[in-house]
Each structure stands twice: as C-alpha cells, then as structure tokens.
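Residue strings, one per chain:
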Amino acid sequence: MAETREPDLGILIGRLGRALQEELFARLAEQGHERVRPRHGTVLAVLPQEGARATELALLSGQHKQIVGVIVDELERLGYVARVPDPGDRRAKLVVPTPAGLDEILKARAILADIEERHRQELGQDAYRAFKTALHQVTGAQCAWDERVPE
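An account of the accompanying structure is given in this report.

## Structural notes on the overall build of the chain
Stage number 1. Across its full length, the chain holds seven helices and two strands.
Stage number 2. Across the chain, helices and strands are ordered from the amino to the carboxyl terminus as α-α-α-α-β-β-α-α-α.
Stage number 3. Overall, the C-alpha framework of the chain stretches about 60 × 50 × 35 Å when taken along its three principal axes.
Stage number 4. Residues counted as buried form 26% of the 151 residues belonging to the chain.
Stage number 5. A sequence separation of at least 24 residues applies to 50% of the contacts in the chain between residues at least 6 apart.
Stage number 6. When the accessible surface of the chain is totalled, it reaches about 10400 Å², and 56% of it is carbon and sulfur.

## Brief notes about the nonpolar core
Stage number 1. Core analysis: the largest hydrophobic core is formed by 21 residues, its most contacted members being Val43, Leu44, Leu47, Leu57, Val72, Leu75 and Val81.
Stage number 2. Looking at this core, the elements that each hand over two or more residues are helix H1 (9-30), helix H2 (38-44), helix H3 (54-61), helix H4 (65-78) and helix H5 (99-123).
Stage number 3. When sequence neighbours within four positions are dropped, the list of residues in contact with valine 43 reads Leu57, Val68, Ile71, Val72 and Leu75.

## A closer look at the pattern of salt bridges
Stage number 1. All told, the structure shown has 13 salt bridges when counted by the stated rule.
Stage number 2. One salt bridge connects arginine 53 with aspartate 89, and the closest N-O pair in it is separated by 3.7 Å. Here arginine 53 is found in the loop between H2 and H3, whereas its partner aspartate 89 is found in strand E2 (residues 89-97), with 36 residues between them in sequence.
Stage number 3. The partner of glutamate 76 in a salt bridge is arginine 83, and the shortest N-O contact between them spans 2.6 Å.

## Thoughts on the packing of H1 against H5
Stage number 1. Two numbers describe how H1 lies on H5: the axes approach to 10 Å, and their chain directions differ by 130°. With respect to H5, the axis of H1 lies oblique. At the point where H1 passes H5, the crossing takes the right-handed sense. In this structure, H1 contributes Leu20, Glu23, Leu24, Arg27 and Leu28 to the contact, and H5 contributes Glu104, Lys107, Ala108, Ile111, Leu112, Asp114, Ile115 and Arg118.
Stage number 2. For the contact of H1 with H5, the class distribution of residues is seven nonpolar, no polar and six charged.

How each quantity is defined
Residues numbered from 1 in each chain as written. Predicted model: local features only at pLDDT ≥ 70, side-chain atom pairs only at ≥ 80, totals over all residues. Heavy atoms only, no water. Helix = DSSP H or I, 4+ residues; strand = E, 2+ residues; numbered from the N terminus. Buried < 20%, exposed > 50% of the residue type's maximum accessible area, 1.4 Å probe, protein only. Contact = heavy atoms within 4.5 Å. Areas by Shrake-Rupley, 256 points an atom, 1.4 Å probe, with all protein chains shown as cover. Core = buried A, V, L, I, M, F, W, Y, C linked by side-chain atoms within 4.5 Å. Salt bridge = Lys/Arg side-chain N within 4 Å of Asp/Glu carboxyl O. Axes fitted to C-alpha atoms, helices over the stretch in contact; angles between N-to-C directions. Parallel < 35°, antiparallel > 145°, perpendicular 65-115°, else oblique. Left-handed = near helix turned anticlockwise from the far one by under 90°. Nonpolar A, V, L, I, M, F, W, Y, C, P; charged D, E, K, R; others polar.

These figures capture arrangement, not role.
Here you go:
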C-alpha cells in the first residue's frame, strides 16, 4: 500500500513556480509577447529601465553570467534588449530594454500584480501578508544554507 504524504517544500514551490509561469506567459502571449519564454523572464524580471551590466543581472537573477549572456543574446535577437556602451566605463556594455522590452516588463508586472491580488482576495489580507512574510523568511534562510554548513 502506497504511503500518502503531504508534498514537500520543493514540490510545492516547483508547482507554484510552474503554474505562475504558465499563466504569466499565456497572458503575455495574448498581449502580443508570444515569443517571450520563461527563461527570458530570468533577465527581464530584474532588468532596470536604465539598464545593467550582465554581471549585475547575474547577481540579481541568481543565475551564472554565462546563462545570462545566452538569454541576453536571445532577447537581443527578439528585439527586447540592446547592448549599449556603459557611460561610466566605455569598455563595458549595459543591457537596456528596448521599447518592446519595456512594454513586456510593464505588462508582466501588471499581470503578476493581478495574480497576487487574486490570491490576496482568496486568502484574505492578513493570511496573504503572513504567507508572503513566511515565504520571504524561508527563502532567505534557504538561500543562506551554505553559510551555515560546517566545513
């Protein structure tokens, strides 16, 4: 007889992340951004309007610089970002959103705000606030796991 147990944190977070991405990217496609994929969100979600260097995008997204470079290449081919000289260091390049990139970023933020509001309404303000607080705490603790592991 198979054991029935509650899904662990990894399963729950994975399901949540996939479901969020599926809704977000389906709705973005309906709004004219059908070529943007979840991997592109890794960069677009953290890209400031004034642009950033690839190394900064890697830090902000939690991805390796090489992965960010591949995603930026794809976004550049799709017309969502451009590489321009960094005014602070002409040897470096800034990744900046194009008008299409800015449109996608604004629409994605609006869709995500709508999704959050739906969940806030379903759970209630206090429960949703407690959920987000707890999720931030668990995420921070998990991201710091290797700082606590004795050598």
